[in-house]
Amino acid sequence: MATSDSRVWDRSRWQPWLRALLAGPCAFALTALILAVMPFWIPKGSGGVDHIAFPLFFMPAIWGVIFFYALLDRSLGRVAITMTVIAVIHAIALRGMIAG
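The notes below deal with the structure included here.

Calculation notes
- In this numbering scheme, every chain counts its residues from 1 along its sequence in written order.
- Only residues with pLDDT of at least 70 get local features here, since the model is predicted, and only at 80 or more are side-chain atom pairs given and counted; chain-wide, interface and lining totals rely on the full set of residues.
- The basis for every side-chain value is the complete set of heavy atoms in the structure, and neither hydrogens nor water enter the calculation.
- Stacked, tilted and edge-to-face are the three classes assigned to paired rings of Phe, Tyr and Trp, where Trp is represented by its six-membered ring and a pair needs centres within 6.5 Å; plane angles under 30 degrees give stacked, over 60 edge-to-face, the rest tilted.
- Summary of the burial criterion: residues with accessible area below 20% of their type's maximum are buried, those above 50% are exposed, and those between are partly exposed, where the area comes from a 1.4 Å probe applied to protein chains only.
- Secondary structure elements follow DSSP: runs of H or I no shorter than four residues count as helices, runs of E no shorter than two count as strands, and numbering proceeds from the N terminus.
- Salt bridge, as applied in this entry: a Lys or Arg side-chain nitrogen positioned within 4 Å of an Asp or Glu carboxyl oxygen.
- Within this scheme, the nonpolar core is defined by two criteria: the residues are buried Ala, Val, Leu, Ile, Met, Phe, Trp, Tyr or Cys, and they are joined through side-chain atoms within 4.5 Å.
- In this analysis, the expected span of each helix is defined as 1.5 Å times one less than the number of residues it contains.
- Two axes enter the definition of the bend at a residue: one is fitted to the seven residues ending there, the other to the seven starting there, and the bend is the angle between them.
- Throughout, a residue-residue contact means that at least one pair of heavy atoms, one from each residue, lies within 4.5 Å.

### Digging into the packing of aromatic side chains
How two aromatic rings sit relative to each other is given by the distance of their centres and the angle of their planes. Applying the stated criterion across every chain yields a total of three aromatic pairs. Between F57 and F58, the aromatic rings sit 5.2 Å apart at their centres with planes inclined by 75 degrees, giving edge-to-face as the arrangement. When its relative accessible area of 61% is taken as the criterion, F57 is described as exposed. Arranged with centres 4.8 Å apart and planes meeting at 20 degrees, the rings of W63 and F67 form a pair that is stacked. Here W63 pairs with F67, and both are found in helix 2 (residues 53–72), just four residues apart, close to one helical turn. An aromatic cluster is present here, built from W63, F67 and F68 joined pairwise through their rings.

### Considerations on the pattern of salt bridges
Evaluated as defined, the whole model comprises one salt bridge. A salt bridge links D73 to R78, with the shortest nitrogen-to-oxygen separation between them at 2.8 Å. Exposure remark for D73: the relative accessible area of 13% places this residue in the buried category. For R78, a relative accessible area of 44% translates into the label partly exposed.

### Let's talk about the nonpolar core
By size, the foremost hydrophobic cluster in this structure holds 13 residues, and its most contacted members are L22, I66 and M83. Counting residues per element, the ones that place at least two in this core are helix 1 (11–41), helix 2 and helix 3 (76–99). Looking at this core element by element, the count peaks at six residues for helix 1.

### Details of helix 2
With 20 residues, helix 2 extends 29 Å from end C-alpha to end C-alpha; this agrees with the ideal 28 Å at 1.5 Å per step. Considering bend angle alone, the principal kink of helix 2 is centred on M59 and spans about 45 degrees; proline P60 follows within four residues of it. Looking at the buried side of helix 2, the elements it contacts are helix 1 and helix 3.

### What to know about helix 1
In a regular helix each residue adds 1.5 Å, so 31 residues correspond to 45 Å; helix 1 covers only 39 Å between its end C-alpha atoms and thus falls short of that length. Burial in helix 1 covers these residues: R19, L22, A23, A27, L30, T31, L33, I34, V37 and M38. Of the surrounding elements, those touching the buried residues of helix 1 are helix 2 and helix 3.

Structure (structure tokens):
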């Protein structure tokens, strides 16, 4: 009689939780990071002021794209790698903004 080992990592059991983590808090944190860096890559207005309205206006669209990508892509690894690469690029840009 075969017994199941409860210590074995069951991929199908953790997949919904990992997808929820990527689509929930990780998507929100990535959206906040993108919004923080957005004045860096949006050109200045005619008055020389960074556009503050653009990040607020595009926030639902950015969050929606990240959220639905994390939910609908078949590969959790691809979602995690894509979100990590985007986060690293924006973290480097944020560091450049803060450092001057």
